[in-house]
Amino acid sequence: MTQDVYLLLAHAGRQQAGITWCRIVWIMLFLEVNVIRPRVITYVRHYVSLSARKVETGIREMNVNQPPGQDGTPTRFWRLFPRNLVPLILRILNTLLFCSTFPDCFKDCTALPLYKGKGARTDPKSYRPISILSPLSKMMAGLMHHRITTFLQRWRLPSPHQHGFRNSHSTGSAVIKFTNDCFKAGHPRLMTGAVFLDYRSEFPSVPIPALTYKLRRYGIRGRVHKWLCSYLECWPMKVSIGEASSSPTIS
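The structure contained in this document is the topic of the report that follows. Since we're looking at a predicted model, the values are computed, not measured. (Residues numbered from 1 in each chain as written. Predicted model: local features only at pLDDT ≥ 70, side-chain atom pairs only at ≥ 80, totals over all residues. Heavy atoms only, no water.)

**Thoughts on the packing of helix α4 (residues 52-60) against helix α8 (residues 135-154)**
Part 1 of the reasoning: Look at α4 against α8: their axes get within 10 Å of each other, and the N-to-C directions meet at 125°. Taken together, the axes of α4 and α8 lie oblique to each other. As for how α4 packs across α8, the hand of that crossing is right-handed. In contact with Lys54, Val55, Gly58 and Ile59 of α4, α8 contributes Met139, Leu143 and His146.
Part 2 of the reasoning: Considering only residue class, the contact of α4 with α8 consists of four nonpolar, two polar and one charged. (Axes fitted to C-alpha atoms, helices over the stretch in contact; angles between N-to-C directions. Helix = DSSP H or I, 4+ residues; strand = E, 2+ residues; numbered from the N terminus. Parallel < 35°, antiparallel > 145°, perpendicular 65-115°, else oblique. Left-handed = near helix turned anticlockwise from the far one by under 90°. Contact = heavy atoms within 4.5 Å. Nonpolar A, V, L, I, M, F, W, Y, C, P; charged D, E, K, R; others polar.)

**Examining a nonpolar patch on the surface**
Part 1 of the reasoning: A cluster of nonpolar side chains, Leu112, Leu114 and Ile130, forms an exposed patch at the surface whose accessible area comes to about 210 Å².
Part 2 of the reasoning: By the secondary structure assignment, Leu112 is in strand β1 (residues 109-115). (Patch = residues over 30% accessible without salt bridge, like charges linked within 9 Å, V, L, I, M, F, W, Y side chains within 5 Å. Areas by Shrake-Rupley, 256 points an atom, 1.4 Å probe, with all protein chains shown as cover. Salt bridge = Lys/Arg side-chain N within 4 Å of Asp/Glu carboxyl O.)

**What about the packing of aromatic side chains?**
Part 1 of the reasoning: Within this structure, the stated rule accounts for ten aromatic pairs.
Part 2 of the reasoning: Geometrically, the ring pair formed by Phe77 and Trp78 is edge-to-face, given 5.1 Å between the ring centres and 75° between the ring planes. Of the two residues examined, Phe77 and Trp78, each falls in the buried class.
Part 3 of the reasoning: Considering the side-chain rings of Phe178 and Phe196, the 5.8 Å spacing of their centres and the 75° angle between planes classify their relative orientation as edge-to-face. Residue Phe178 is located in helix α9 (residues 171-186), and its partner Phe196 is located in the loop between α9 and α10 (208-217); the two are separated by 18 residues in the primary sequence.
Part 4 of the reasoning: You can call Phe196 exposed: its relative accessible area is 69%.
Part 5 of the reasoning: An aromatic cluster is built from Phe102, Phe106, Trp227, Tyr231 and Trp235, whose rings are joined through pairwise contacts.
Part 6 of the reasoning: Lying over the aromatic face of Tyr115, Arg121 brings its terminal NZ or CZ to 3.9 Å of the ring centre.
Part 7 of the reasoning: One residue, Arg223, lies across the ring of Phe98, its end atom 4.3 Å from the ring centre. (Phe/Tyr/Trp six-rings, centres within 6.5 Å; stacked < 30°, edge-to-face > 60°. Buried < 20%, exposed > 50% of the residue type's maximum accessible area, 1.4 Å probe, protein only. Lys NZ or Arg CZ within 6 Å of the ring centre and 35° of its normal.)

**Topic: the pairing of β1**
Residues in a regular strand point their side chains to alternate faces of the sheet.
Part 1 of the reasoning: Examined bridge by bridge, β1 and strand β3 (residues 236-241) share three bridges and lie parallel to one another. Its bridge partner being in β3, Thr110 is matched across the sheet by Lys238.
Part 2 of the reasoning: Relative to strand β2 (residues 127-132), β1 is paired through six bridges, and the arrangement is antiparallel. Each bridged residue has a counterpart across the sheet, and for Thr110 the counterpart in β2 is Ile132. (Pairing = 2+ DSSP bridges.)

**Details of the environment of Met62**
Part 1 of the reasoning: With respect to the helices and strands, the residue Met62 is situated in the loop between α4 and α5 (75-80).
Part 2 of the reasoning: For Met62 and Lys138, which are 76 residues apart along the polypeptide, the C-alpha to C-alpha distance reads 8.8 Å.

**What about the layout of surface pockets?**
Part 1 of the reasoning: Size it by volume and the largest pocket reaches roughly 2000 Å³.
Part 2 of the reasoning: Phe203, Val206, Leu211, Tyr231 and Leu232 are the residues nearest the centre of the largest pocket, which is lined by 40 residues in total.
Part 3 of the reasoning: Every element with two or more residues in the lining of the largest pocket is listed here: α8, α10 and α11 (222-232).
Part 4 of the reasoning: Looking at the lining of the largest pocket element by element, the count peaks at eleven residues for α8.
Part 5 of the reasoning: Of the residues contributing to the lining of the largest pocket, the split by class is 24 nonpolar, twelve polar and four charged.
Part 6 of the reasoning: If you add up the space inside the second largest pocket, you get close to 270 Å³.
Part 7 of the reasoning: Forming the boundary of the second largest pocket are 14 residues, of which Gly58, Glu61, Met139, Gly142 and Leu143 lie nearest the centre.
Part 8 of the reasoning: Looking at the lining of the second largest pocket, the elements with two or more residues in it are α4 and α8.
Part 9 of the reasoning: Broken down by element, the lining of the second largest pocket gets its largest block of residues, six residues, from α8.
Part 10 of the reasoning: Class assignment of the residues belonging to the lining of the second largest pocket gives a composition of four nonpolar, seven polar and three charged. (1 Å grid on protein atoms, 1.4 Å probe; cavity = no way out; pocket = protein on both sides within 12 Å on 5 of 7 lines; lining within 4 Å. Points joined across faces, edges and corners; volume = space filled by probe spheres on them.)

Now the structure itself:
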């Protein structure tokens with residue numbers, strides 16, 4: 001029984017043996033045994049930095065008003081029993097990192113169109129999608145985002161001229177720097193030139209092979225790099241309006 005549950009965890013989300021992620025969680029809660037051998041756990045912890053404290057923080061930061069994902073488990077459930085669930089979640093996430101996989105059930109996404117407030121309501125461009133994912137999926141992505149961001153900032157790898165997606169940086173800091181450069185150039189009567197670009201659908205247009213190559217050059221390699229490759233590929237998404245839903249498409 002122990003070996004079977006471990007295999008299900010290693011291949012969670014691939015829908016082998018017809019067991020969903022939610023059922024695996026309940027199996028582990030019911031058994032209350034060490035489904036992963038201690039030596040494997042030590043090996044996992046040696047290669048990842050996820051800790052019980054990080055998982056506790058991730059649970060506390062869960063939005064209880066967020067609708068449940070495809071597994072149907074409400075967010076409130078994870079916050080009601082943190083003492084019992086933290087060791088379980090920690091083992092699951094560390095196992096997924098050790099296996100360098102982001103399970104398919106974590107990628108099941110439902111997009112709810114939200115009207116922007118301008119434009120024709122019959123125009124799809126007048127809506128922005130709100131993605132509904134599993135709470136565990138969002139928590140794992142958030143923990144890995146924090147870990148990678150900390151690594152990049154520690155070694156000062158991002159460009160100092162980048163103001164987006166950095167702590168203590170924003171469009172405001174970019175405007176302040178641009179204005180300051182203009183004043184510096186204007187004092188000795190120098191010419192100032194500026195080029196402003198606005199990309200449309202910038203996130204879907206990012207080439208995944210180029211992104212993974214850049215991450216490897218930054219020093220993100222091994223199991224974490226393989227996990228990121230698994231995270232970035234094959235996201236099935238369906239659009240839901242009321243009780244009607246479209247067929248899932250791979251994005």
